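# Per-entry structural report
One letter stands for each residue in the lines below.
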Amino acid sequence: MESVVWWLDLIGKLTLVIITFLLPLWFILLARWLAKIGEQIPYLQFFTVVNEGEAKTITVNGKFDRAIMSFTGYAFRWQVFSREEEIDFTPDELRWAKERLTEENSTFSSQPKRQQESLSRDWLKREAVGEPGPWDVIRLSENLEIRRGQLILLSSLPFIGKLVGGLRWVGILPGISHRVYQMPRFAWASVEYRKDEQGNPTHDRVVVPKEMSSYEVVFVKRDVYPVILRPAIVDEGVQINLVVLLQICSRNPFKTMHRIEHWFESVSNRVQTRLRELVGRRGLKEVYGSGPQPLLAEALLRELQDIITDVRIRFGIQIDAIEIFSAEFARNTDNDIYILPFKSEQEAQGIKIIAKAREEEARLVLRATEQYGGREAVETRLLTGPDSKVTTVVQKGAINVALPPSSPPTPPATGGGTGT
C-alpha cells in the first residue's frame, strides 16, 4: 500500500512539474489563437501578431495609447532611455550630425566639445529628425539596449522568449476600449517581376497598382514605392512617362498613422509636384533613357532634400534613396518632331557601340587562338545577364577571356539619414 501511495505521489509531482513547464507554452498557444480569432472578432483580440519589420498602434476609446513593433535590432526611443523626461538623441545621431556639420562648415571641428554638442542637437532638431520623440524608431547598439517596455514578460525567458516572436498585448477590453488602429484606405503601387505564360517570374519588372479598403500596419523596414509621372514635360516640350522608385520606411509609427490621413498619397503628391518642376528644367537627353540613371537620380535627390526633411520631421517618413525605374516617350503625335531626330541619334550611337564591341571581340578571338593552338580549339559565347551582355572566349568549357560589360550596374542614389 505504501508503494502505491509513493508512486501516486511521484506521478502527481511529475504532472505538476510538466504542467508548470508547459504553462507558458499553453499561454502562448492561447494568445496566438486569440490573435487569429481577433482578426474577425475584435472583442476577442486580446493579442495581435506584428510581423518582422512592421508596427501597429493601439487606441483606447479612439485616442492613441501606444505603438507596438517587431523589428530586430531596433526599439522605440522611450524604451532605451531610463525616464520619459530624459529622452534625447542617440550617440549615433549626434556623431552623424557632427560629420555633416564638419562637411558643411570647416570651422565646426575647431569649436569646443560642449559647443559642438549644442550645435549638433540644434541642427538635428531643425534639419534632420526634429525633436527627439518617444515613438522614434532607433537602432540598438552596444551602448543602447532596451531598458523597459517588454510588452510580454515571457520575452525575457531563454527558450519561451523565442516562441513569443511578434505576439503583442492589445488590452484588457479589446473591441470595447482597446483596439488595433486601422486606417480607412491605403492605395499604393508595387514593383513586381512579370510572369511568363507558365507563371514563372521573368527579369522584366512592372509597376502594379494596389489598394486596400483598410490597413493597420506601417512598415518600419525599407520598402520600394513607385511614384508615377504621366506625363512629365522636359525642357523641349516633349512629354515623358517617368517612373521613380522611392525607398521609404517609417521612423515614427505614431506620426505616420496619426498625424496624417493617407501618408503615401501625401508624400507621393508632394514628390510628384517637385519632380515635374525639376524634370521641366532638364533636356531630353538628360532625362530619357533605359535602366537606372544614377546621375539623374542623385541630382533629383539633392533637390528634394527640403521635402525629405519635412516629411521626416512632420510625418515620420524617411526617404533613403531614389532610383529611375523608367523614362519613356508618351504616346503623343505632337512629340514626333522631337522624337524622330533623337531616336536616330540614339540608334547611330548604338551602332557605333556594337561595332566597337565586334572589333574588340575579334581581337580577343585572335589572341585566344594564338594562345590555345588554333581557331578550332576555341569558341565564342554571348552570356546575357540582367544588366549586361558579355562576349567570352571559351576553351574546352573554361572561360579564359571576357569583355567587360558596357554599363556596370550602379546602386541607387542614397539620401541623408540619421543611421537609425
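Located above this text is the structure these notes cover.
Residues numbered from 1 in each chain as written. Predicted model: local features only at pLDDT ≥ 70, side-chain atom pairs only at ≥ 80, totals over all residues. Heavy atoms only, no water.

## Things to note about helix H4 (residues 113-128)
The set of residues buried in H4 consists of Gln116, Ser120, Trp123, Leu124 and Ala128. One side of H4 carries all its buried residues, which in axial view fall inside an arc of 105°. Counted as exposed and oriented over 90 degrees from the buried face of H4: Arg114 and Arg126. As for H4, its buried residues are in contact with helix H3 (91-104) and helix H10 (305-315). (Buried < 20%, exposed > 50% of the residue type's maximum accessible area, 1.4 Å probe, protein only. Helix = DSSP H or I, 4+ residues; strand = E, 2+ residues; numbered from the N terminus. Arc of directions from axis to C-beta. Contact = heavy atoms within 4.5 Å.)

## Overview of the packing of H4 against H10
For the pair H4 and H10, interaxial distance at closest approach is 8 Å and the crossing angle is 100°. When the axes of H4 and H10 are compared, the pair comes out roughly perpendicular. The residues of H10 that touch H4, namely those facing Lys125, Arg126, Glu127 and Ala128, are Thr309, Arg312 and Ile313. Taken together, the residues that form the contact of H4 with H10 break down as 2 nonpolar, 1 polar and 4 charged. (Axes fitted to C-alpha atoms, helices over the stretch in contact; angles between N-to-C directions. Parallel < 35°, antiparallel > 145°, perpendicular 65-115°, else oblique. Nonpolar A, V, L, I, M, F, W, Y, C, P; charged D, E, K, R; others polar.)

## Overview of the nonpolar core
Membership of the largest hydrophobic core comes to 59 residues, with the highest contact counts inside it found for Ile240, Leu242, Leu246, Trp263 and Val271. Take this core: its biggest share by element is 7 residues, from helix H7 (residues 263-280). (Core = buried A, V, L, I, M, F, W, Y, C linked by side-chain atoms within 4.5 Å.)

## Considerations on the pattern of salt bridges
Two side chains with opposite charge may pair up if their charged atoms get near one another. Taken as a whole, this structure holds 19 salt bridges when the rule is applied. Between Arg77 and Asp136 there is a salt bridge; the shortest N-O distance is 3.3 Å. Of this pair, Arg77 sits in helix H2 (residues 77-80) while Asp136 sits in the loop between H4 and strand E5 (137-139), and the two are 59 residues apart along the sequence. (Salt bridge = Lys/Arg side-chain N within 4 Å of Asp/Glu carboxyl O.)

## Side note on the packing of H3 against H4
In a pair of packed helices, the angle between the axes and the distance between the axes together describe the arrangement. Remark: H3 packs on H4, axes separated minimally by 9 Å, with the N-to-C direction vectors making an angle of 90°. The orientation of H3 relative to H4 falls into the category roughly perpendicular. Side by side, H3 and H4 meet where Glu93, Leu94, Trp96, Ala97, Lys98, Arg100, Leu101 and Glu104 of the first sit next to Gln116, Glu117, Leu119, Ser120, Arg121, Trp123, Leu124 and Ala128 of the second. Its residues assigned to classes, the contact of H3 with H4 comprises 8 nonpolar, 2 polar and 6 charged.

## Regarding the side chain of Glu216
Within the element layout of this structure, Glu216 appears in the loop between strand E9 (201-212) and strand E10 (218-219). On the basis of relative accessible area, Glu216 is assigned to the buried category, the value being 19%. Among the polar contacts made by the side chain of Glu216, one reaches the side chain of Lys56 at a distance of 3.0 Å. Engagement of the side chain of Glu216 in a polar contact is seen with the side chain of Gln182, the distance being 3.2 Å. Ignoring anything within four residues of it in the chain, the contact list for Glu216 reads Ala55, Lys56, Val180, Tyr181, Gln182 and Met257. (Polar contact = N/O pair within 3.5 Å; in protein donor to acceptor, adjacent residues only side chain to side chain.)

## Describing the side chain of Thr59
Counting through the fold element by element, Thr59 comes out in strand E2 (residues 54-60). By relative accessible area, which is 6% here, Thr59 ends up buried. Setting aside residues up to four positions removed in sequence, Thr59 forms contacts with Phe64, Asp65, Ser177, His178, Arg179, Tyr181 and His258.

## Focus on the pairing of strand E8 (residues 186-195)
As paired elements, E8 and E9 share 9 bridges and run antiparallel to each other. Bridge pairing links Glu192 to Val206 in E9. Hairpin connection, E8 to E9: the antiparallel pair is bridged by 5 residues, and Gly199 has positive phi, about 85°. (Pairing = 2+ DSSP bridges.)

## Some points on the environment of Thr102
With respect to the helices, strands and loops of the structure, Thr102 is situated in helix H3. In the structure, Thr102 is positioned 14 residues away from Gln116 in sequence and 9.9 Å away in space, judged by C-alpha atoms. Discounting chain neighbours no more than four positions away, the residues touching Thr102 are Phe108 and Ser109.

## Some words on a nonpolar patch on the surface
Together, Ile41, Tyr43, Leu44, Ile172, Leu173 and Ile176 line one region of the surface with nonpolar side chains, adding up to about 580 Å² of accessible area. On the secondary structure map, Ile176 appears in the loop between strand E6 (167-169) and strand E7 (178-180). The class for Ile176 is exposed, based on a relative accessible area of 56%. (Patch = residues over 30% accessible without salt bridge, like charges linked within 9 Å, V, L, I, M, F, W, Y side chains within 5 Å. Areas by Shrake-Rupley, 256 points an atom, 1.4 Å probe, with all protein chains shown as cover.)

## Some points on the environment of Arg179
In this fold, Arg179 is placed in strand E7. The exposure class assigned to Arg179 is partly exposed, which follows from its relative accessible area of 39%. Taking the C-alpha atoms as reference points, Arg179 and Thr57, separated by 122 residues in sequence, lie 8.5 Å from one another.

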